[in-house]
Amino acid sequence: MLSAGSGNTFIKSKIISRRMFLLTASKAIVVIGVLGRLISLQINERSKYKTLSDKNRFREWKLAPERGIIRDFFNQEIASNSQVYQIHLIPENTRKINEIFFRLKAILNISDKKISSLKKKILKQKPWESLIISDNLTWAEFARVNLFLHELQGVEPVVSIARVYKDNSFAHTLGYVSQVSAKDLKNKKYLKDIAVPGIAVGKTGLERKLDERMIGKVGFQRYEVNAYGKRIKQMQVDKGQAGESFKTTLDLEVQRYTTEIIKDKAAAVCVMDIYNGDIVSMVSSPSYNPNAFVHGIDRKYWNELINNDKKPLTNKALSGLYPPGSTIKTLVALSALENGVSKPLNKVKCTGKIELFGEKFHCWKKKGHGVMNMRSAIQRSCDVYFYEVARKLGVDRLSETAKKFGLGKKVLDGFNEERSGVVPNTAWKKKFIGQNWYLGETLHTGIGQGYFLSTPLQLCLMTAQIANGGFKIEPRIIFNQDKNNLKPLFKNQANIDFIKDAMFASSNEPGGTSYRSRLTDPRYTFAGKTGSSQIKRFTEEQREAEVKQEEIDYKSRDHALFIAFAPVKDPKYAISVVVEHGGSGSSSAAPIAKKVIKKVLERHNLRKSVNTLLGEKI
Amino acid sequence: MFQPRSIQSSLSLKDKLFSMDYILILSILILGITSMFAMYSTDGGEFKYHTKSHILRFIIFFSMFLLFSFIQIRFWHNASYLIYIFFFLLLLGVKYFGISSSGSKRWLDFFVLNLQPSELMKIGLILFLSKYYHRVSIENINRLKFLFTPIVALIAPVLLVVMQPDLGTSLLIAAGGLVVAWLAGVKLKFFGYAFLSFIALLPFAISLLKPYQKSRILTFLNPDRDPLGAGYQIIQSKIAIGSGGLFGKGFLQGSQSYLDYLPEKHTDFIFTLFSEEFGFSGSIFILLLYGLIISRLIKIGNITRSNFGKLYCYSFGTAFFIYVAVNMGMVLGLLPIVGSPLPIMSYGGSSMMAIMLGLGIAMSCRIYKDTPVN
């Protein structure tokens, strides 16, 4: 069809060769591109891709560590771990999640709400991470799931461990653990690598304070897995590390006993070793069941707790703020003596009230106490006498002494719920209320009313520091054998001795406010001071009608307080008791202290033997 | 004016054997053997189906390559149109009698093997156009009248393959055809027009694309768009290659492929597997082998007297280069995943058959380098 001459062929051949040369040049560019890419991937970025490849290859399943145990002073476990039966689901291993939930719902009686929240959780975690469907099954439920296991693809029955609290009496002090919340993750940095499914964190109390050390180190199992998530072989196992265990200074026996005594009241009791600051007992009442929180509290019990007027969830020993009332008279007297504004034998005549700039200041005893000196004023808790002392002393010098003895600041370290209270003075009022101080307020402050607020533990510390002869101690709840370096808080120890003697009189001499609650056995004899702090001021009419505390409604009644140390001859322990709306300190707080003091002293030798035993070891 | 040195239509066997390109044969053999090791590794270090079948195919088609080498170049020239028409009929046959797999219809069932005619068409089109441009006189090459036939010959099979649908192969067929036209001297402006009309038809073409094809192109533009879906292959392939490092993880030690992270490891991603196990040095080894094969093909083109032979060898060599470059560009994340096998290395009978056919014709050009075709 076409005639191709030789010349034509030759020219064509030249065109072809020339164009081939151009093609070859462009091929070189492509080759350089491919080579460059290979160099960049396999040489420059090889470690990055090596990591990515390992990330593909290895999968880790984290193992929740065992939480540390908390023991009491006698090494009895008060927060321990026990076996629980759980049901886990690995979403990746099941094809029909909805079907599984439907079956589980029938077998375990799970609510629709729980199921929808579990489904949300699945979306947030990696498909091979196990989801805890139910973390605390009864044996019967667990057995039932095992029976149907063949039709529950991806479901795993797991025997795990969880926190158990043996005794409700420690509820407030120990606090409780519960599931990690989003807030926990945000606030507690140490949880970042620890938050594995099923781990519990301390929410309040000691559990919270010691959480970082008790939670332990997370372990892991590393497997080589294929692209479909199937485990090919186990590469490495690290069982993690159980958390640190702790021994506390608390005494289970005393704690139980005290809880039993005050179980119907809204009250708090603290007992402290006056030399080393060991907190022997710290009880807040009413108590609650901390175990209820471990596996997620049910709504009914929760509502019951938060609607209870006696506020069972509050640790009253640490976060209850009460005007110290007459218990502060010990410090008012001490401050006056130390500052030289008053002498023990200074006399004041109490007629039941005094007037200052037209305002009336009443003594609790309407008829008056007659002529009082400082000792009898403490013994009988005469308000008028202390109005006079406080007026001469001034609020600033009083507040200085009060702060020195531990009021107005937190006693323990790391308890989130602890509150610091208020020791008022002129500067404080200016700063927080924005007003000048009135002299009348000094008088109220002198009997522990007005702005004054303190926690039962602060009052216990104050008492302990008076009882030990006026030396500073550092209260502690976690057992250790460090010695307190006893720093004197006084200028003249005779003043401390005077206060102790006056407290003896208050409890053991006729006419003393807690005379009726005294213990006559010299082994147990204690010296104390009552207090009643007003919630509502009495109107003149009520005062005239001599209305009794029992006759007004519960919420308006005075708080009853009592502080004491024992035994008188050789003091060892200090105690503080606060009964919310209990009426008067002598009638409702002192009887509690009486029982607890006896119990504590009965166990003193046992406690001492543990201390000497440990002492010998070192 | 130009007297051929020897016009003998029948060379002696000794002459034929003597004029074969042994470097080319050796390169193909080494590549074939390498591919067997790679295939053995994809079978998880066991002598299983893919390995056995790959070895068998290599032996059969390598013998076929040698056999084809001895067929006269004149035969290939004369039969070019027929071969093209035969392959085209096979492609048409796919449309009506083809078997479907994962949403596309690409294969004809021939009992012993499932033939993929689109692979053969890669060679068929090059053959057809080589003969056509060999015969068109130089003055006529750029005349519209003479452009009509090549355009139809190129577009018809490409359209059939696009509709299978098989975007990758259709592009590779078209690339081969364009290379021939370019080498023959078709002016650049016609390629420009073709490009412009392609752009103009693009919206129409896109509407024909299946959703998965669109997603592949989008994924190429941004692989992290959907790391567990369409981008997964590119990402896993890059991880495998990159983690191979300088000397690789060792034979049968490629965790990416061993643990099934690598998709299509027998076929399109065979280079990835090799590169993971043998590292940068292994990659360079493969590149060198391919470079050698391509340069030998070009060399044959250089020494072949006929323009048919020149056009064919240059075009096939360039097409071969494009197949390799597209596959590597794809597994290295430089190009979208279009689905194109790596010549000789990849598992697949039709691809192997087509490449061996192409190589056989090239070798025939070498043996009969001085023989005029008409």
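*Asks:* Outline the packing of helix 20 (residues 456–467) of chain A against helix 21 (residues 493–508) of chain A, listing residues and values.
*Replies:* Residues and elements named next belong to chain A. Close contact between helix 20 and helix 21 brings their axes to 9 Å; oriented N to C, the two are set at 115°. Classified by the interaxial angle, the pair formed by helix 20 and helix 21 is roughly perpendicular. Residues T463, I466 and A467 of helix 20 form the contact with helix 21, whose own contacting residues are I496, I499, K500 and M503. Per-class residue counts for the contact of helix 20 with helix 21 are 5 nonpolar, 1 polar and 1 charged.

*Asks:* How would you sum up helix 19 (residues 439–446) of chain A? Please name residues and give values.
*Replies:* All names here are of chain A. With 7 of 8 residues buried, helix 19 is to be regarded as a mostly interior element. When helix 19 is considered as a whole, its buried residues turn out to be G440, E441, T442, L443, H444, T445 and G446. The inward-facing, buried residues of helix 19 contact helix 14 (329–338), strand 14 (353–356), strand 15 (359–362), helix 16 (383–393), helix 17 (395–404) and helix 18 (426–432). The positive-phi residue at the C-terminal boundary of helix 19 is G448, with phi of around 75°.

*Asks:* Quick one: what's the story with unusual backbone geometry, residue by residue and with numbers?
*Replies:* All names here are of chain A. The omega angle of the peptide bond from S285 to P286 is -5°, so this bond is cis rather than trans. Mapping P286 onto the fold places it in the loop between strand 12 (279–285) and helix 11 (291–294). Cis geometry marks the peptide bond from A566 to P567, where omega comes out at -15°. For P567, the location among the structural elements is in the loop between strand 20 (559–566) and strand 21 (573–579). The backbone of N75 sits at a positive phi, close to 65°, despite the residue not being glycine. Looking at where N75 falls in the secondary structure, it is placed in the loop between strand 2 (70–71) and strand 3 (77–89). We classify N75 as partly exposed; its relative accessible area is 46%.

*Asks:* Now, about the interface of chain A and chain B: what can you tell me, with residues and values included?
*Replies:* If you look at the interface, chain A gives 39 residues, while chain B gives 55 residues. Approximately 4200 Å² of surface area, both sides summed, lies buried where chain A meets chain B, with 68% of it carried by carbon and sulfur atoms. Of all residues in chain A, K12(A), R19(A) and Q42(A) give up the largest surface area on contact with chain B, accounting jointly for 17% of the area buried on that side. Applying the counting rule to chain A against chain B returns 19 residue pairs in polar contact (both at pLDDT 80 or more).

*Asks:* Outline empty space enclosed by the protein, supporting the account with residue identities and numerical values.
*Replies:* Residues and elements named next belong to chain A. If you walk through the whole model with that rule in mind, you get 3 cavities of 30 Å³ or more. In this structure, the second largest cavity spans a volume of roughly 40 Å³. Forming the boundary of the second largest cavity are V271, F565, A566, Y573, A574, I575, I597, V600 and L601. A breakdown of the residues in the lining of the second largest cavity according to their chemical character gives 9 nonpolar, no polar and no charged.

What counts and what doesn't
Residues numbered from 1 in each chain as written. Chains lettered and ligands numbered in written order. Predicted model: local features only at pLDDT ≥ 70, side-chain atom pairs only at ≥ 80, totals over all residues. Heavy atoms only, no water. Axes fitted to C-alpha atoms, helices over the stretch in contact; angles between N-to-C directions. Helix = DSSP H or I, 4+ residues; strand = E, 2+ residues; numbered from the N terminus. Parallel < 35°, antiparallel > 145°, perpendicular 65-115°, else oblique. Contact = heavy atoms within 4.5 Å. Nonpolar A, V, L, I, M, F, W, Y, C, P; charged D, E, K, R; others polar. Buried < 20%, exposed > 50% of the residue type's maximum accessible area, 1.4 Å probe, protein only. Buried area = accessible area lost by both parts, 1.4 Å probe. Polar contact = N/O pair within 3.5 Å; in protein donor to acceptor, adjacent residues only side chain to side chain. 1 Å grid on protein atoms, 1.4 Å probe; cavity = no way out; pocket = protein on both sides within 12 Å on 5 of 7 lines; lining within 4 Å. Points joined across faces, edges and corners; volume = space filled by probe spheres on them.

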